[in-house]
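# Fold and geometry: a report
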Amino acid sequence: MQRTQLDYSKSEERKEIIRRMYRAPIKQYVREYGWLAAARRRKTALKKNRDLRYFTLCSLEAIDIKTLCKYGILSREATGYLSTFACEWDKELVEEIARVVGSNFWSGAFEDFVSKLYSNGNSLRDKLKEQNLFPFDIYNLDFTGSCIPDDQPPYSETLEALTRLIDLQHKEEQDFDIFLTFRAKEEKDNEEAIEQLVTLLNDNCEKYPEAKKALDKNYSNVDVLRSAKYEHFLAIAIPKFLSGIAKDHRYKLNISPSYKYKRKDPSGDPYYITSTILSLEYIHDTRSGTLSKLNDPPILDKIQNTYYPDSIIEILNHDVIDVDKKIRDKPQLNKMFKEKVKEIITLG
C-alpha cells in the first residue's frame, strides 16, 4: 500500500510538471500566433462545406484543441470534439487525455499510428474514412523529443513516419498542414543525421544560387548556422528535408515563421524547443491535351524546376521568432496568456 501511494504521488507530480509546461505563456504564444493563424487559413481554404479534420498530440488538458474550439476552428459535442483525433504514447496520461478529447483516440506512439494507418492494419484507414476523419487537414505534431535522436539511425522512426504521412496524403491528393514541434539539443541528436542535413543544405546552395544568397545573407554559411544557432539550423534543415519528400509526392511546401523557446531538462541543462509550421499544396496537372510541352512543361518538371527551388529559398529566408524575447519585451503578454490559458482549460 505504501509503495502504491508513493508511485501514485510520483505520477501526480509528473503530471503537474507536464501541465505547467503546456500552460506556459510561451506555449500559448505559439498556439495563438502560429497554430491558430495557420488553422484559420486552412479552414478558409477548405473547398467543401465541412469540418476541419485535426490530428494532434495534445497531451494533458488538450489546450491546443480547446484553443481552436474557442475560436471556432473546431467544434464539440457531448461525446467529444468533432473531426478531431488525438494520439498519446504515455500510458500514465492516456486515460486523462481520452476523457477530455473523446473516443477519437489512439493509445500508442505516433510512429506506430502512422505505420498502422499506412498498412491499413485492422482497417484503420478505412474506419477513419468512414468517420470522415481521414485524410486530415492539419497534423499537430507537438513532440517532446528529437526528430533525429541519437539512439536511432539517421533516418529515424519519426522521419520515416513523416515521409509515410506525406505519401498517404498524396494518395488522397489532399492539401494539408504540419505543425512540427521538437527538441533542438545537438548533443542528444544523431551526429550522422546532422552531417547528412549539413550536406543536404550545402548541395542545395551549390545547385541553386538564389538559395546560397539567402543563406549567405542570413547566416554566412551552413557551418556557422549549425554552430551558432543549432535551433535555427534544425528549423531550416528539417523542413528542407521534408520539402524534398513533398516534391517527390507532387507537393509544394511553404513555411510560415518558426518559433523557438527555452526549456530545461531534469538535470537543469537548457535546450530549445523549435516549432515550425508547414503548408503542403498538392499540385494538380490541369493542362489540356492540346498544350505543347514547350509552352507548358510537364507538371513534374514544373515542381522540380520552379516550386521546389522556391520552397528552398523560402525556408532559408523564413523567420525564427524568439518567443522568450517577445514576452520579455512585452511583459503584458505574459499576464494575458496566463489569463487566456486559465480560461481555456475550463472549457469542454
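See the structure printed just above.
About the thresholds
Residues numbered from 1 in each chain as written. Predicted model: local features only at pLDDT ≥ 70, side-chain atom pairs only at ≥ 80, totals over all residues. Heavy atoms only, no water. Helix = DSSP H or I, 4+ residues; strand = E, 2+ residues; numbered from the N terminus. Buried < 20%, exposed > 50% of the residue type's maximum accessible area, 1.4 Å probe, protein only. Contact = heavy atoms within 4.5 Å. Areas by Shrake-Rupley, 256 points an atom, 1.4 Å probe, with all protein chains shown as cover. Lys, Arg positive; Asp, Glu negative; His and termini not counted. Charge placed at Lys NZ, Arg CZ, Asp CG, Glu CD. Salt bridge = Lys/Arg side-chain N within 4 Å of Asp/Glu carboxyl O. Core = buried A, V, L, I, M, F, W, Y, C linked by side-chain atoms within 4.5 Å. Axes fitted to C-alpha atoms, helices over the stretch in contact; angles between N-to-C directions. Left-handed = near helix turned anticlockwise from the far one by under 90°. Nonpolar A, V, L, I, M, F, W, Y, C, P; charged D, E, K, R; others polar. Disulfide = S-S within 2.5 Å. Patch = residues over 30% accessible without salt bridge, like charges linked within 9 Å, V, L, I, M, F, W, Y side chains within 5 Å. Polar contact = N/O pair within 3.5 Å; in protein donor to acceptor, adjacent residues only side chain to side chain. Pairing = 2+ DSSP bridges.

### Describing the overall build of the chain
From N to C terminus, the chain includes 14 helices and 11 strands. Each principal axis of the C-alpha atoms in the chain carries an extent, and together these give about 75 × 50 × 40 Å. The buried share among the 348 residues of the chain stands at 54%. Across the chain, the fraction of contacts at a sequence separation of at least 24, relative to all contacts at a separation of at least 6, is 74%. Carbon and sulfur atoms make up 48% of the accessible area of the chain, which amounts to about 17,000 Å² in all. Treating the 56 positive side-chain charges of the chain as one cloud and the 56 negative ones as another, the clouds have centres 5 Å apart.

### Thoughts on the pattern of salt bridges
Summed over the entire model, instances satisfying the criterion amount to 25 salt bridges. A salt bridge links Glu-95 to Arg-99, with the nearest nitrogen and oxygen atoms 3.5 Å apart. Of this pair, Glu-95 and Arg-99 both sit in helix H4 (residues 91-101), 4 residues apart, which is roughly one turn of that helix. In this pair, the class of Glu-95 matches that of Arg-99, namely exposed. Between Asp-167 and Lys-171 there is a salt bridge whose closest N-O contact spans 2.8 Å.

### Describing the nonpolar core
Ranked by size, the top nonpolar core spans 65 residues in total, and within it Phe-55, Phe-110, Leu-141, Leu-180 and Phe-233 carry the most contacts. Of all hydrophobic cores here, the second largest spans 42 residues; its members include Val-30, Val-101, Phe-105 and Ile-344.

### Digging into the side chain of Ser-59
Assignment of secondary structure puts Ser-59 in the loop between strand S1 (54-56) and helix H3 (63-70). The buried category is assigned to Ser-59, whose relative accessible area is 4%.

### Description of the packing of helix H5 (residues 110-119) against helix H7 (residues 157-172)
The axes of two packed helices give the description: the angle between them and the distance between them. Closest axis-to-axis distance for the H5/H7 pair is 9 Å, and the angle between their directions is 35°. Classified by chirality, the crossing of H7 by H5 is left-handed. Counting all contacts with H5, which are made through Phe-110, Glu-111, Val-114, Ser-115, Leu-117 and Tyr-118, the residues of H7 involved are Glu-157, Thr-158, Ala-161, Arg-164, Leu-165, Asp-167, Leu-168 and Lys-171. Here the residues of the contact of H5 with H7 sort into 7 nonpolar, 2 polar and 5 charged.

### Some details on the state of the cysteines
Under the counting rule described, the total for this entry stands at 0 disulfides. Cys-147 forms no disulfide, and the closest cysteine sulfur to it belongs to Cys-87, at a distance of 15 Å.

### Here we look at a negative patch on the surface
Residues Asp-112, Asp-150, Asp-151 and Glu-157 make up a contiguous surface patch of negative charge. Mapped onto the fold, Asp-151 is located in the loop between strand S6 (138-142) and H7.

### Concerning the environment of Leu-278
Within the element layout of this structure, Leu-278 appears in strand S10 (residues 270-282). Setting aside residues no more than four positions away along its own chain, Leu-278 makes contact with Phe-176, Asp-177, Ile-178, Pro-239, Leu-242, Leu-253, Asn-254 and Ile-255.

### Things to note about the side chain of His-232
Its location among the elements puts His-232 in helix H11 (residues 230-248). Among the residues examined, His-232 registers a relative accessible area of 6% and is labelled buried. Reaching out from His-232, the side chain makes a polar contact with the side chain of Lys-260 at a distance of 3.2 Å. Leaving out residues up to four positions away in the same chain, His-232 has contacts with Tyr-219, Leu-225, Lys-260 and Val-320.

### Quick notes on unusual backbone geometry
Omega for the bond connecting Phe-134 with Pro-135 falls within 30 degrees of zero, at 0°, which places this linkage in the cis form. Turning to its location among the elements, Pro-135 is positioned in the loop between helix H6 (124-130) and S6. Look at Ala-62: it is not a glycine, yet its phi comes out positive at around 50°. Note on placement: Ala-62 falls in the loop between S1 and H3. Judged by relative accessible area, which is 1%, Ala-62 ranks as buried. Of note, Arg-250 is a non-glycine position whose phi angle comes to about 65°, a positive value. Examined against the element boundaries, Arg-250 turns out to sit in the loop between H11 and strand S8 (251-255).

### What about the pairing of strand S9 (residues 258-264)?
Along any regular strand the residues' side chains alternate between the sheet's two faces. Burial of S9 is extensive: 5 of the 7 residues sit out of reach of the surface. As judged from the 6 bridges shared by S9 and S10, these two strands associate in the antiparallel manner. The residue bridging Lys-264 from the neighbouring strand is Pro-270, located in S10. Between the end of S9 and the start of S10, which pair antiparallel, lie 5 residues, with Gly-268 showing a positive phi angle near 95°.

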